[in-house]
Amino acid sequence: MQVSIKADSSNTKSILALLEESGYSLPCNCHGARRCDGRQYSFDCAMIPKGDVTVTLPDRSGSIRGISLEDTSLISGPGDTLLIDIGTTTVALALIERSTGKLRRRAVFANPQRAFGADVVSRIQASLQGQGPTLKDCIRQAIEQQVSLLTRDNGQSPEELTLCLIGGNTAMIHLLMGWDCRPLSASPFALKERTPGPLVHGSCKILIFPWISAFVGSPDYLFVDLGTNGEMVLCHEGRMFAASTAAGPAFEGSGLSCGCPGVPGAITRVTLKRLQPVLDTIGNKLPVGICGSGAISLCKEVIVRGYADRRGILQDAFPEEGIRLGVSPDRKPLFFTPDDFRQIQTAVAAVAAGIETLCREAGATAKQIPVLYLGGGFGFYLEPEACQTLHMFADVSPDAVIPMGNTCLRGLFHYAVNEYDENEHPPFPACLSLPEIRTVSLADSDYFHEQFIRHMTYED
């Protein structure tokens, strides 16, 4: 990536300082002290330019990569179809033109229901304590506001929308509709409600996609959608097994002491040099916090550098206040604390144990899985080495992992462009039919709890 920096004959600042003032964070082990003799990059970090200069910043390497709707280019023009993914932590929207499949606008915002708890269980409990109407109103109002802004930015009004497709986990849809969440609060999680038929708002038809079970949204392979819930489906020898593991919000940056979602400036990768961090950030911007992939990367460094042993126990060398990652643009110090390490440790263990349990139910092993499709935007920044060190995907080979980005939006997009028929009754035809899926309750599985404890350690 090329960046142009302005300077004149009176400049006394190094190119590194000028880049940081322009909002670009460039990993430099010696902070411009020239210990690398100016060979770390294609330019000398200690150079003091006396005129305008253009430099090339390095591309991030060593990450799992893939294709997602988030990477689709925006093309100007009117949109008639809105896609909405209601996640526990964030809500993602995309405005498209259905006939051409052109992406017009996209947006992501924090789910306002977070005020009632960072996870699904907290919100279900809040609804059972009489907060259901408030939870419904706050998400609906937030969506209406964001739709208004999205269409306005595209030079049109919400009234021009003719179709809205909504996906989300079962609890989020229950809260959106204001339904009784009591069946979601205890085993056997028998649902009373069914996917509603088409709804109408003005001239816009609203379709809410069906779910598989109480906590799972819509050749052999494993699909894992990493967010606040770790939803996973295993297809083995023509049979399908589904489960949801409570990974918690740490993968999306929520709950960490300096956590943030995957926004410009989010730390996505960390290398430690005697507790001195070298950072990669989204967009090479100055760090604003650490997102899930950055936290996983840092936990890997903590283990391989010996600040935690292979039993997962932090050592005395790990600072009591945490590892200082830097200072945010508003001058707030950014620390990764012992509690942050524990949150990532438990989230990773929950995912690995969930995979092990599904495999056991299917009569397979994780080593046999040829492909793992990884949902969730932060998967694009994951380091295969970090995932392997933390045993995040159990014994699935790192080479088998294919990130897919926001798979809910991808599915909604595919249906809107390729499958939707406004004359179809019911609205979801055979293209959405699924084979019989066996849902596995991890909470009731002794094997899951055994594997969870085992994956809290990192011994080979």
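Our subject is the structure that appears above.
Residues numbered from 1 in each chain as written. Predicted model: local features only at pLDDT ≥ 70, side-chain atom pairs only at ≥ 80, totals over all residues. Heavy atoms only, no water.

1. Considering helix H4 (residues 292-304)
Three or four residues apart is the spacing at which side chains of an α-helix point the same way, because the helix has 3.6 residues per turn.
Piece 1. Across its 13 residues, H4 extends 19 Å between first and last C-alpha, which sits within 8% of the 18 Å expected from 1.5 Å per residue.
Piece 2. Here H4 lies mainly inside the structure; twelve of its 13 residues are buried.
Piece 3. Of the residues flanking the end of H4, it is Gly306, one or two places downstream, whose phi is positive at about 85 degrees. (Helix = DSSP H or I, 4+ residues; strand = E, 2+ residues; numbered from the N terminus. Expected span 1.5 Å × (residues − 1). Buried < 20%, exposed > 50% of the residue type's maximum accessible area, 1.4 Å probe, protein only.)

2. Description of the sheet that holds strand E14 (residues 289-290)
Piece 1. With mixed pairing, the three strands of this open sheet are ordered in space as E13-E12-E14. Only two strands of the sheet have a single neighbouring strand rather than two, namely strand E13 (276-281) and E14.
Piece 2. By the bridge criterion, two bridges tie strand E12 (residues 266-273) to E14 in an arrangement that is parallel. Its bridge partner being in E14, Ile267 is matched across the sheet by Ile290.
Piece 3. Docked against the sheet, H4 engages E12 and E14, running at close to 10 degrees with respect to E12. (Pairing = 2+ DSSP bridges. Contact = heavy atoms within 4.5 Å. Axes fitted to C-alpha atoms, helices over the stretch in contact; angles between N-to-C directions.)

3. Concerning the sheet that holds strand E11 (residues 239-245)
Piece 1. Read from one edge to the other, the open sheet built from six strands follows the order E18-E17-E9-E10-E11-E19, with strand pairing classed as mixed. Only two strands of the sheet have a single neighbouring strand rather than two, namely strand E18 (401-405) and strand E19 (437-439). Ignoring which end each strand starts from, the neighbouring axes of this sheet average 20 degrees apart.
Piece 2. Across four bridges, strand E17 (residues 372-375) lies against E18 in parallel orientation. Residue pairing for E18: Leu374 is matched across the bridge by Pro403.
Piece 3. Running over the sheet, helix H5 (residues 338-362) touches strand E9 (221-226), strand E10 (230-236), E11, E17 and E19 and is turned about 25 degrees from E10.
Piece 4. Relative to the sheet, helix H7 (residues 407-419) contacts E9, E17 and E18, its axis offset from that of E18 by approximately 65 degrees.

4. Quick look at empty space enclosed by the protein
Piece 1. Quantified by volume, the second largest cavity comes out at close to 30 Å³.
Piece 2. If you trace the second largest cavity, you find it lined by Asp220, Leu234, Cys235, His236, Ala364, Thr365, Gln368, Ile369 and Pro370.
Piece 3. Broken down by class, the residue content of the lining of the second largest cavity amounts to five nonpolar, three polar and one charged. (1 Å grid on protein atoms, 1.4 Å probe; cavity = no way out; pocket = protein on both sides within 12 Å on 5 of 7 lines; lining within 4 Å. Points joined across faces, edges and corners; volume = space filled by probe spheres on them. Nonpolar A, V, L, I, M, F, W, Y, C, P; charged D, E, K, R; others polar.)

5. Some details on the packing of aromatic side chains
Piece 1. A full pass over the atoms with the stated rule returns four aromatic pairs.
Piece 2. Ring centres of Phe209 and Tyr415 lie 5.1 Å apart, and the angle between their planes is 90 degrees; this geometry places the pair in the edge-to-face category.
Piece 3. Centre to centre, the rings of Tyr221 and Tyr373 are 5.9 Å apart; their planes meet at 65 degrees, and the pair counts as edge-to-face. Here the residue Tyr221 occupies a position in strand E9, and Tyr373 occupies one in strand E17, the gap between them amounting to 152 residues.
Piece 4. Residue Tyr221 is classed as partly exposed on the basis of its relative accessible area, which comes to 23%.
Piece 5. For Tyr373, a relative accessible area of 30% puts it in the partly exposed group. (Phe/Tyr/Trp six-rings, centres within 6.5 Å; stacked < 30°, edge-to-face > 60°.)

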